[in-house]
Amino acid sequence: MKKFIIVLLCVLACGGAMAYDVMYNTKTRVYHNPSCGSVNNCTNCTRMDSSEAKRLGGRPCGHCGGKK
């Protein structure tokens, strides 16, 4: 939960400066391409940069690979 709050504060502080290229599931720590079908059912997903998702211990989705 602390990491999520830190990420949220970073996003708010940076405004639109960050490039949001993945959807990161804060519960499973899996990141997805925004158009991945798995994102449609995700209630714990937040937009962020893929490098930030990796820094938080995220791993790419097995279906989309977390890439555009």
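Just so it is clear, the model here is predicted, and its values are computed rather than measured. (Residues numbered from 1 in each chain as written. Predicted model: local features only at pLDDT ≥ 70, side-chain atom pairs only at ≥ 80, totals over all residues. Heavy atoms only, no water.)

Points about the sheet that holds strand 4 (residues 59–60)
Next, step 1: Reading across the sheet, the four strands line up as 3-1-2-4 and stay open at both edges, with mixed pairing between neighbours. Looking at the sheet topology across the chains shown, the edges are occupied by strand 3 (45–48) and strand 4.
Next, step 2: Relative to strand 3, strand 1 (residues 22–25) is paired through four bridges, and the arrangement is antiparallel. By the bridge assignment, Met-23 is partnered in strand 3 with Arg-47. (Pairing = 2+ DSSP bridges. Helix = DSSP H or I, 4+ residues; strand = E, 2+ residues; numbered from the N terminus.)

What to know about the nonpolar core
Next, step 1: The biggest cluster of nonpolar side chains holds seven residues, and these are Met-23, Val-30, Cys-36, Val-39, Cys-42, Cys-45 and Cys-61.
Next, step 2: The next biggest cluster of nonpolar side chains, apart from the first, holds six residues, and it includes Val-22, Tyr-24, Ala-53 and Leu-56. (Core = buried A, V, L, I, M, F, W, Y, C linked by side-chain atoms within 4.5 Å. Buried < 20%, exposed > 50% of the residue type's maximum accessible area, 1.4 Å probe, protein only.)

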